[in-house]
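Take a look at the letters that make up each chain.
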Amino acid sequence: MEEQKTQPTEKFLAYREKLNQREAVGKRGDSLNVEYEKSLIAKSCFVELNGILHHYHDSGPGSTGETVLLVHGWDCWWMWWHHIIRFLNERGIRTIAYDLKGHGWSDNDPHNDYSIDSFAENLEALVDKLELENFHIAAFSFGPFIALHYAKQHPEKMLSMVFFNFGYLENNRFVEKVAPATLNFTFNNLLRKITWWLPAYIFARLVLSRNAVLFHDVQIGFESLALCAPEAIEQSTSQITSMEVTESIVGFVEALQVPVLFAAGDGDSIMTPENTKKLAGYCRKGIFVNVPACGHLITLELPETAGGLIFEHIKHCVPENASF
C-alpha cells in the first residue's frame, strides 16, 4: 500500500491560495513569477518533527550522489535559497531546504519553544525521517548556530559545511541587555506591522544589503516577515546576543572535524569579514572567503556566487571518483 502523504500546513494552503489569486488577476510581469513559484512548491513536502508539522523542499537529480541540507537564517524561510537550489540542482546535487518551526510554511510551536537546542533536535528528526546518511550543510546567518549544535551530536554524518555571514561577535553585558529589545522592537513592532514592501526594502538596503535585489526576491524576503512567529524573533534575538551563546561558539567550531567554508560579505556590517575570519581561525579545517561588494543577504544579493561557493566546496570535499 502506498504511504499516505502528510497533509500541508494552513500557512502553505493560504500561500498557495494567494498564488491562485495572483494568477487569476494575470498582472503583467507577475505571471511568470507565479508560474515559477508553483513549479517550486510542486516539490514541497510535509513531515511531523517532534510533534510539529514542518515543511521541506526536496529537489534535484542527485546524479553526483551528493546532498546538501540548507538551513535558513533568522526571520527567513526556505525560499531565500531558491536561486541556490536551482544552481545546485542543475549541477546534479540534491537539495533539501526546510522551514524552521515558526518560520515559512512550518507550524508554530504550541509551547513557544524556539531555542537553538530545540531547532537542532528538529533538524536531527528531519535527517532521521529522510534517512540521510552522509550529507553537506549550508547555513546562513542564524542557521549556523543550529547546524553547529547538530554537528556536535552527529559528527559522523557531516561531509562538509558552508556558513554564510556568520562570525564571532564581540559581546558584553551591555549588548546582551540592550540588543534583544532593540532588535525585537525593529522587527516585531515596526517591520512586521507594515503592509507595503517598500519600507522593509529601504531598511534592508540601508542596513543589510549592498546590492539591488530583484523585485521578486524583495517580495520573497517581505513574505518571511509575516510568516515568522513573533516569539521566534524574540527568543532568537535573546539567544544570539547572550554571553553564554557567544562564548560557546568557539568550542563548537573547534570541535568540527570536516572542512568548513566561512563566507563573509565584504560590506556586511552585521557579521563583518573580520568577525568571520576570526571564527574561521578556530576551525581545524576552516577556509575563509571574503566576498566583494556583498552585504549580509548573500543568498539573494549574489546567489550565483553563493551557489558557486557551495558547489566548489563540495567538489573539494568528496572522493576524486565522485561523478561531478
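Since this is a predicted model, take the numbers as computed values, not measurements.

Throughout the structure, instances matching the rule amount to 15 aromatic pairs. For the ring pair Tyr 15 and Trp 77, a centre distance of 5.6 Å and an interplane angle of 65° mean the geometry is edge-to-face. Highlighted residues: Tyr 15 in helix 1 (residues 10-25) and Trp 77 in the loop between strand 3 (67-71) and helix 3 (82-89), separated in sequence by 62 residues. Grouping residues by exposure puts Tyr 15 and Trp 77 together as buried. Judged by centre distance (6.3 Å) and plane angle (40°), the rings of Phe 135 and Tyr 150 are tilted. With a gap of 15 residues between them, Phe 135 in strand 5 (residues 135-140) and Tyr 150 in helix 5 (residues 143-153) connect regions that are remote in the sequence. Of the two residues examined, Phe 135 and Tyr 150, each falls in the buried class. Between the NZ or CZ atom of Arg 91 and the centre of the ring of Phe 87, over which it lies, the distance is 3.6 Å. Geometry around Tyr 114 places Lys 101 over its ring, the cationic atom sitting 5.9 Å from the centre.

So, about the pattern of salt bridges. Under the definition given, this model contains eight salt bridges. As a salt-bridge pair, Arg 22 and Asp 30 come within 2.8 Å of each other at their nearest N and O atoms. Salt bridges here are not isolated pairs; linked through shared partners, they connect Arg 22, Asp 30 and Glu 37.

The next thing to look at is the nonpolar core. Residues Leu 69, Tyr 98, Ile 137, Ile 146, Met 161 and Phe 163 are the most contacted members of the largest nonpolar core, which totals 55 residues. No other element matches helix 4 (residues 116-129), which puts seven residues into this core. Sequence-distant contacts of Ile 137, defined by excluding residues within four places in its chain, comprise Leu 69, Val 71, Leu 123, Ala 147, Tyr 150, Met 158, Ser 160, Met 161 and Val 162. Among the nonpolar cores identified, the runner-up in size contains 48 residues, and Val 34, Phe 46, Leu 261 and Val 318 belong to it.

Within this structure, the stated rule accounts for one cavity of 30 Å³ or more. Its boundaries defined by the atoms lining it, the largest cavity holds a volume of some 70 Å³. Taken together, Phe 145, Phe 166, Gly 167, Tyr 168, Leu 169, Ile 240, Thr 246, Ile 249 and Met 271 make up the lining of the largest cavity. When its residues are assigned to classes, the lining of the largest cavity shows seven nonpolar, two polar and no charged.

A separate point is the sheet that holds strand 4 (residues 94-98). If you walk across this open sheet you meet the eight strands as 1-2-4-3-5-6-7-8, and the pairing is mixed. Bordering the open sheet on either side are strand 1 (44-49) and strand 8 (286-291), each of which pairs with just one other strand. Going across the sheet, the axis of each strand differs from the next one's by a mean of 20°, ignoring polarity. As defined by bridge partners, strand 2 (residues 52-59) adjoins strand 4 across four bridges and the pair is classed as antiparallel. Counted as the bridge partner of Tyr 56 is Tyr 98 from strand 4. Along the sheet, helix 4 makes contact with strand 1, strand 2, strand 3, strand 4 and strand 5, crossing strand 1 at roughly 115°. Here helix 5 sits on the sheet and contacts strand 3, strand 4, strand 5 and strand 6 (158-164); the angle it forms with strand 5, its principal contact strand, is near 145°.

Below, the discussion takes up the pairing of strand 2. Counted residue by residue, strand 2 has eight buried out of eight residues, so it is predominantly covered. With burial as the criterion, each face of strand 2 is covered, one bearing Ile 52, His 54, Tyr 56 and Asp 58 and the other bearing Leu 53, His 55, His 57 and Ser 59. The loop that links strand 1 with its antiparallel partner strand 2 comprises two residues; one of these, Asn 50, has a positive phi angle of about 50°.

Excluding glycine, residues mostly carry a negative phi; peptide bonds, for their part, are mostly trans. Even without being glycine, Asn 50 reaches a positive phi, approximately 50°. Structurally, Asn 50 is set in the loop between strand 1 and strand 2. Under the relative-accessibility criterion, Asn 50 is labelled exposed at 53%.

One can find Ile 194 in the loop between helix 6 (173-190) and helix 7 (197-207). We classify Ile 194 as partly exposed; its relative accessible area is 26%. It is 10.0 Å that separates the C-alpha atoms of Ile 194 and Phe 222, two residues lying 28 residues apart in sequence. Among all residues touching Ile 194, those that are not within four sequence positions of it are Pro 199, Ala 200 and Phe 222.

Reading the values: rules and limits
- Residues numbered from 1 in each chain as written.
- Predicted model: local features only at pLDDT ≥ 70, side-chain atom pairs only at ≥ 80, totals over all residues.
- Heavy atoms only, no water.
- Phe/Tyr/Trp six-rings, centres within 6.5 Å; stacked < 30°, edge-to-face > 60°.
- Helix = DSSP H or I, 4+ residues; strand = E, 2+ residues; numbered from the N terminus.
- Buried < 20%, exposed > 50% of the residue type's maximum accessible area, 1.4 Å probe, protein only.
- Lys NZ or Arg CZ within 6 Å of the ring centre and 35° of its normal.
- Salt bridge = Lys/Arg side-chain N within 4 Å of Asp/Glu carboxyl O.
- Core = buried A, V, L, I, M, F, W, Y, C linked by side-chain atoms within 4.5 Å.
- Contact = heavy atoms within 4.5 Å.
- 1 Å grid on protein atoms, 1.4 Å probe; cavity = no way out; pocket = protein on both sides within 12 Å on 5 of 7 lines; lining within 4 Å.
- Points joined across faces, edges and corners; volume = space filled by probe spheres on them.
- Nonpolar A, V, L, I, M, F, W, Y, C, P; charged D, E, K, R; others polar.
- Pairing = 2+ DSSP bridges.
- Axes fitted to C-alpha atoms, helices over the stretch in contact; angles between N-to-C directions.

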